[in-house]
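Structural features, examined
The primary structure of each chain is shown beneath.
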Amino acid sequence: MTIVEQGGGPAPQAGDLIKETTTQTFVKDVIEESKRQPVLIDFWAPWCGPCRQLTPILEKVVSNAKGRVKLVKMNIDEHPSIPGQMGIQSIPAVIAFVGGQPADGFMGAIPESQVNAFIERLTKGVPAAGEPNIAEILKEADAVLAEGDAAAAAQIYAEALGIDATNIAALAGLAKCYVTTGAIDQAKQTLGMVPESKRNDPAVKAVQAAVDLAEQAQSVGPITELEQKVAANPLDHQARFDLATALNAMGKRGDATNQLLEIVKRDRKWNDDGARKQLVQLFEAWGGADEATVEGRKRLSTILFS
């Protein structure tokens with residue numbers, strides 16, 4: 001079962017979201033529960049007119065929040081010790097607990113619009129019950145792609161984009177899947193959906209570099225001819241450069257690095273420092289943590305600073 005399938009589930013019922021608590025159950029209902037999701041504690045009393053105004057509003061807004069927040073009500077006449085310890089001197093008083101600690105709150109009966117705004121601030125980034133968590137979906141897609149199943153990974157990235165069509169990590173991931181399968185035009189179309197302001201995102205730049213390299217590889221000619229040219233003339237730097245591009249397209253990262261480093265050693269200034277610049281582009285496309293990148297950077301530094 002994929003993470004996408006796991007995200008589904010029945011929406012919580014009102015009884016799961018709204019409940020009364022006591023002095024004995026306060027820790028379980030509020031403190032412990034708030035470590036899983038935000039919890040509102042509503043201190044009220046039967047004689048309090050503003051409480052009767054506020055409580056229906058709280059219940060409505062919490063129900064509409066689809067499980068992002070829970071409401072716990074405490075009658076201060078029956079259970080005075082907790083509100084006393086918290087310094088509650090007038091009601092209605094609503095305190096929000098997050099991570100086991102008081103995080104925010106308000107006093108008095110406020111309009112529904114203000115209650116909505118309060119809960120929006122409190123639950124920003126918290127997925128509704130039954131909604132898939134986009135961060136978990138992306139993590140699953142990354143893992144599937146790393147295992148080499150680009151087609152399956154593309155489906156999961158597309159699922160993430162179904163939730164958030166502007167998610168940069170999902171767009172970059174989907175484009176990377178297309179590059180991996182050789183669908184360069186589709187990769188370029190996907191990258192075209194990235195806003196201009198996000199083009200410098202590391203994941204986007206890495207895929208763009210991979211696209212550029214793949215397009216270069218399509219124009220360099222058969223690899224056997226390039227190998228013969230280099231063997232016949234080791235100073236044919238353009239043939240060696242093209243050979244490196246072709247090797248990278250075949251997934252032979254170490255061999256591609258070797259060819260470009262050889263150019264750097266023989267003629268650093270060739271083609272306006274072209275071999276070193278190409279190495280940098282390769283490292284960007286492979287990612288900073290890739291073994292070929294780490295090793296290649298070490299060797300390049302040794303040559304440049306020896």
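Because the structure is predicted, anything quoted here is derived from the model rather than measured.

Calculation criteria
- Residues numbered from 1 in each chain as written.
- Predicted model: local features only at pLDDT ≥ 70, side-chain atom pairs only at ≥ 80, totals over all residues.
- Heavy atoms only, no water.
- Buried < 20%, exposed > 50% of the residue type's maximum accessible area, 1.4 Å probe, protein only.
- Helix = DSSP H or I, 4+ residues; strand = E, 2+ residues; numbered from the N terminus.
- Pairing = 2+ DSSP bridges.
- Contact = heavy atoms within 4.5 Å.
- Axes fitted to C-alpha atoms, helices over the stretch in contact; angles between N-to-C directions.
- Parallel < 35°, antiparallel > 145°, perpendicular 65-115°, else oblique.
- Left-handed = near helix turned anticlockwise from the far one by under 90°.
- Polar contact = N/O pair within 3.5 Å; in protein donor to acceptor, adjacent residues only side chain to side chain.
- pLDDT = per-residue confidence, 0-100.
- Core = buried A, V, L, I, M, F, W, Y, C linked by side-chain atoms within 4.5 Å.
- Salt bridge = Lys/Arg side-chain N within 4 Å of Asp/Glu carboxyl O.

**Comments concerning the pairing of strand β4 (residues 93-98)**
- Most of β4 is tucked away, with five of its six residues classed as buried.
- Where strand β2 (residues 39-44) and β4 come together, five bridges link them in antiparallel fashion. Its bridge partner being in β4, I41 is matched across the sheet by I95.

**Overview of the environment of L282**
- Relative to the helices and strands, L282 resides in helix α15 (residues 274-286).
- Sequence-distant contacts of L282, that is, excluding residues within four places in its chain, are made with L213, N248 and L260.

**A short note on the packing of helix α9 (residues 168-180) against helix α11 (residues 202-217)**
- It is the contact of α9 with α11, at a shortest axis distance of 9 Å, that shows an interaxial angle of 20°. Comparing the axis directions of α9 and α11 gives the class roughly parallel. Note on packing geometry: the crossing formed by α9 with α11 is left-handed. Residues I168, A172, A175, K176 and V179 of α9 lie in contact with α11, whose contacting residues are A203, V204, V207, A210 and V211.

**Regarding the side chain of N167**
- Within the fold, N167 resides in the loop between α8 (150-163) and α9.
- Exposure remark for N167: the relative accessible area of 14% places this residue in the buried category.
- A polar contact is formed between the side chain of N167 and the backbone nitrogen of A170, at a distance of 2.9 Å.
- Excluding residues within four positions of it along the chain, N167 makes contact with I134, L138 and L161.

**Looking at the confidence of the model for the protein chain**
- Per-chain confidence: the protein chain averages 89 in pLDDT, with 92% of residues scoring 70 or above.
- Here residues 1-14 is modelled with pLDDT under 50, and outside its nearest four sequence neighbours on either side it reaches 17 contacts, counting other chains as well.

**Let's talk about the nonpolar core**
- Core analysis: the biggest nonpolar cluster contains 28 residues, and Y157, C177, V207 and V211 have the highest contact counts within it.
- Sorting the residues of this core by element identifies α7 (134-146), α8, α9, α10 (184-191) and α11 as the ones contributing at least two each.
- With eight residues, the single largest contributor to this core is α9.
- Those residues in contact with V211 that sit more than four places away from it in its chain are V179, I184, A187, K188 and L191.
- Ranked by size, the runner-up nonpolar core spans 26 residues in total, among them V220, V230, W286 and A292.

**So, the pattern of salt bridges**
- Within this structure, the stated rule accounts for 16 salt bridges.
- Note that K265 is salt-bridged to E262, the shortest N-O span being 3.7 Å. You can see K265 and its partner E262 sitting in helix α14 (residues 253-266), three residues apart, about one turn around the helix.
- What you see here is one network of salt bridges that share partners, running through E33, R36 and K70.

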